[in-house]
Amino acid sequence: MSNQISFLKPEHLAPIRNLTLRTKAIVEGTIAGLHKSPYHGFSAQFLEYRPYLPGEAARRIDWRKYAKTGRSVVRLYEDETNLFAWLLLDKSASMTFNSTAAMSKFEYARTLAASLSWILVRQRDAVGLYAFDSGEHVMLPPRSTNTQLKAILTRLETMAPGGTTAIARSLSRLAETIRKRGLCIVISDLLDEPTAIITALRHLRFKRQDVMVLWVLDPLERAFSAAGGLDVRDLETGAGVAVDGLTASEYFSRGMLGHQKAIEDACRSLRIGFEPVVTSEPFQKALLRVLAKRRRLF
Amino acid sequence: MSGISFVHPEFLWALSGLAIPVIVHFLNRKRSRRLEFSTIRFFSAGAVSTSRMRRIKRLLLLLVRMAAIAAVVVIFSGPYSAKDPFMVLSNPGASVYAFVDPTMSMDYRDAGMPLWKKSFFLCDTLSQYLPAAAKRYLYNEGRSEFVQVKSFGAPPEPFVRHGPADIDKMAFALPGSTGRGAGMAALAVLSDFQQNIGGPLDTMLVRVSLPVLLVSVAPSEPRNCGIRDVSLSAANRSVITVRVACQGRNLDSAGISVSAGGMRCGRAAVSAGPGRAENVPVTVTADLQNPLGTVTLDCDDPFPADNAWYFVRGGGGALRVLVVGEPDECFPVAAAFNSLGASQWAAKSRQAHIVSYDDIDSAALVVLCGVRQLSPPLAILLHNRSFGQKAILFSPATDSAYANVNGTILPVRDPASCAVVYDPKPHAVVLPDTVSQLFSGFKRLKDADAAVSRYCTGLPGGALLRLDNGKPFATHLVDSMGNSWVMAAAPLGMAREARPGGALFETGLYVPLLDRLAKFALSAIQKGQQSWVAGVPAKNPFFGAKRGALVFDAAGKLISRWSSQPLVAFSSPGHYRIQPDGQPSFWVAVEMDTAEADFTYRAPVIPASKAASVKFLSSRQFGAFVKSRRSGSYSQWVWIVLGLLLLAEVFLWEKKRMPSSLQK
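Each value, and the rule that gives it
- Residues numbered from 1 in each chain as written.
- Chains lettered and ligands numbered in written order.
- Predicted model: local features only at pLDDT ≥ 70, side-chain atom pairs only at ≥ 80, totals over all residues.
- Helix = DSSP H or I, 4+ residues; strand = E, 2+ residues; numbered from the N terminus.
- Buried ≥ 20, exposed ≤ 12 C-beta atoms within 10 Å, placed from the backbone.
- Pairing = 2+ DSSP bridges.
- Axes fitted to C-alpha atoms, helices over the stretch in contact; angles between N-to-C directions.
- Contact = placed C-beta atoms within 7 Å.
- Expected span 1.5 Å × (residues − 1).
- Arc of directions from axis to C-beta.
- Right-handed = clockwise from strand over helix to strand, strands pointing away.

(A) Structural detail: the overall build of chain A. On a plain count of helices and strands, chain A comes out with 11 helices and 10 strands. The buried share of chain A, taken over its 298 residues, is 43%.

Structure, rendered in structure tokens:
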């Protein structure tokens, strides 16, 4: 099915400065590619009708209503609308790294967050935003209204990355505030101590949250390749180190592999979805992959 | 570096290629660029030190590549030690002289190939490694000079084999020996270096100033059996004693054949161990009627030249007799010698004042017959060693006017001791009781027929014959010059003064007396029939005789004409017929030089001062030595360095590995 979708590559969307427009373009393409919604309620408490969306299972159409009115509608139930989803966005300085002409990791991550917000709100799910770094963080508690979506998009658009990564502290702080069972989607480059990250994820799971980690990577981080001497500066701390390209490639590749393996193994044991996403990958493709995996997991 | 020079220094321009790796290095070298990266957490201290090591390795790699290029250039340039005199072999302007030992020992077949052929094969190797423009000279034994050739691969024309290794002549023909500068010249001497060549070669090495390569082609373990001597018994003509020697091998029941005139007339078996020599008597079935005899040793060995021995019975030609004195006195003496047959004696007479050096030199026997004055040649004969050992038959002058001259001629300390006495009663010569060794088997004659009344007293030496009064009639003495004197007390020729008695020539005793006295004088210094050795020059028996001779081989083929040349030689062993002008022919047997069959080798003594310019090499070392001079004596070391550099290159070079994917 994915082959039939014309994916919009990040470099095509980058010129669209308006996040709302960009998100709309992404989401429409994504919804059209879905066979069925990964979120469906279990409660018999009817809430309202909503129009049938292409891609949803036909069995969900209210055929009686269709016989009376001739419109294809879907019945919504109370629990289905009360899915609480948190979008946990890393806005540390490391997310500003961009080795391509398209998007930085932060740009990609916030577009991804906006798209997910759109999808969730459109499905009447409550969605909240929690953008964090070592300093101040942005927190919008989950709601399922269009006002909430606008608020999220506005905050995402105006948000400026900075500070160091402090996933463990930030996520733990959030976990303390969550009272209701829900879904947490972590969008980050995870450049922190693996043990701290795992501790935070475990904390979220302890709070009965379904957790999904979208590991945002720049293409250069995915396959580091450089020649000649390098004076590497850390975007977060400003610290520098002088290495040659070949050595840097070897060490970085080895280090990243170990880092990924540690987090991925922990996620598997905690039943947390872990999905690397490279900023060169089309959004729809990434979203479909994420949503499909989510469906398999739960 | 002052000690290093190059065969092709023009190739050193290629050292400018050293700039290539430097340029490539700087082109590939990227400036250290700043990279704002998401994290440096994976770049630990190890990465920094590894980077530093990589930088050092890259620098080392650059140096290794530069050194490798330099090594290649140096190899092509042919480095060598400037102090190496043999680098002249790689110089296009060089003159290279080759001397191949022409002696018979070089006929030894080592691994199926004669040593002289092997020598030319090695010479060809030398020729191949020499620059094309280098001049090549090969020693021509026949012409006694070095002849320029295009290649050393073939013997010169004519190539005189089996000649003597006249090292002195060869050394004289070399540049630098006659005042000419040696310049860019080198000498290669290829020989088996037998002991007999060692002495002259040692002398030559002291004298020559150019670099000399002594290449030994001697077999490592020579093995040979051969005939060393054949004795013909005068008493028993039916037995021939053959001396057989073995070296480095056993001889088991090999056959010895004796043939005369091509017909086999005797055979015996011989066994000998290594290093042993056996005397084998061979009984011939019939008396050797044919004068041409051959003894053959039937065995298979790598040096067959000494397996045959040639002899001639009763041959050898006439012995030359010079009779010095007044014609009337000399005539009976010369006539007596000539009457014995032209095959035995060839006598001629000369007056004392006209006798020449050549006359004396060519004569085996000098008869001083009443000499009354000493010409310079005669004075040299008596008081100098110039003529070598001569047999002298002295016949005194007994006339009163010159009787005192005898004392000045004879080898006596006091000339006055020799006086001429006259006894009216003639005294006969006592035969044979006092001189049994001289007249053994001789028919006893009437004493009165050989009686003298005027004779000399005070003759030096031991008495051979005595008169009946006990006075010596004939004495023998070998003087300090080595001359064998037989002195007669009374004139052997015609005496001038009238006297009763004293006319020996009128008796039947006269001719045999002269014959025996002459032969005794010759035998005392072991002179007689001339013996011939192949390749060894000997005195021309016709030198100064104003007549020559034709020389034929056993098959009747004319091989030479002997005329006025002082020395003549036979090239190979065998029977030869000499045909003198106007005289009957006679046969001679030419043997091989037994010294050539003695395969005892000796390395030449290299003077300490010539250690650098004289090399003694085996045939195996020779090729590598010459090759190293072609490519430069240091080339092999540079090759090793280049190999090490390439090894270092392999160790230092690292392939740029693409980083593995983070996602499996």
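The rest of the description comes next.
(B) Seen up close, the sheet that holds strand 7 (residues 209-217) of chain A. Residue and element names in this part refer to chain A. Spatial ordering of the open sheet is given by 5-4-3-6-7-10, a layout of 6 strands whose pairing is mixed. Of all the strands in the sheet, just strand 5 (138-143) and strand 10 (273-278) have a single pairing partner and so form its edges. Ignoring strand direction, the axes of neighbouring strands in this sheet form an average angle of 15°. Inspection of the sheet shows strand 4 (residues 126-132) paired to strand 5 by 4 bridges, in the antiparallel sense. Looking across to strand 5, one finds that Tyr130 is bridged to Met139. The strands touched by helix 5 (residues 105-122) are strand 3 (84-90), strand 4, strand 6 (182-188) and strand 7; relative to strand 3, the strand with the most contacts, the crossing angle is about 170°. Each of strand 4 and strand 5 is contacted by helix 6 (residues 146-158), which is oriented at about 160° to strand 5, the strand it contacts most.

(C) Spatial organisation of helix 8 (residues 194-206) of chain A. Residues and elements named next belong to chain A. With 13 residues, helix 8 should reach 18 Å at 1.5 Å per residue; the first-to-last C-alpha distance of 18 Å fits that figure. Burial in helix 8 covers these residues: Ile197, Ile198, Ala200, Leu201 and Leu204. One side of helix 8 carries all its buried residues, which in axial view fall inside an arc of 160°. Within helix 8, the exposed residues directed more than 90 degrees away from the buried face are Thr195 and Phe206. At its buried positions, helix 8 is contacted by helix 7 (167-177), strand 6, strand 7 and helix 10 (245-269). Where helix 8 terminates, the next one or two residues include Arg208, which has phi positive at roughly 60°.

(D) Spatial organisation of the pairing of strand 4 of chain A. Residues and elements named next belong to chain A. In terms of residue burial, strand 4 counts as a mostly covered element, since 7 of its 7 residues are buried. Residues Ala126, Gly128, Tyr130 and Phe132 point to one face of strand 4 and Val127, Leu129 and Ala131 to the other, with burial holding for every one of them. Relative to strand 4, strand 3 runs parallel, the two being bridged by 7 bridges. Bridge pairing links Ala85 to Val127 in strand 4. Read as a crossover between parallel neighbours, the route from strand 3 over helix 5 to strand 4 is right-handed. Between the antiparallel neighbours strand 4 and strand 5 lie 5 residues.

(E) Local environment of the sheet that holds strand 12 (residues 239-247) of chain B. Residues and elements named next belong to chain B. Pairing within the open sheet is antiparallel, and its 3 strands lie in the order 11-12-15. The outermost strands of the open sheet, each flanked by one partner alone, are strand 11 (224-232) and strand 15 (277-283). Here the strands of the sheet are splayed against their neighbours by 25° on average, with no regard to which way each runs. The sheet contact formed by strand 12 and strand 15 spans 7 bridges and is antiparallel. Residue pairing in the sheet places Val239 in a bridge with Thr283 of strand 15.

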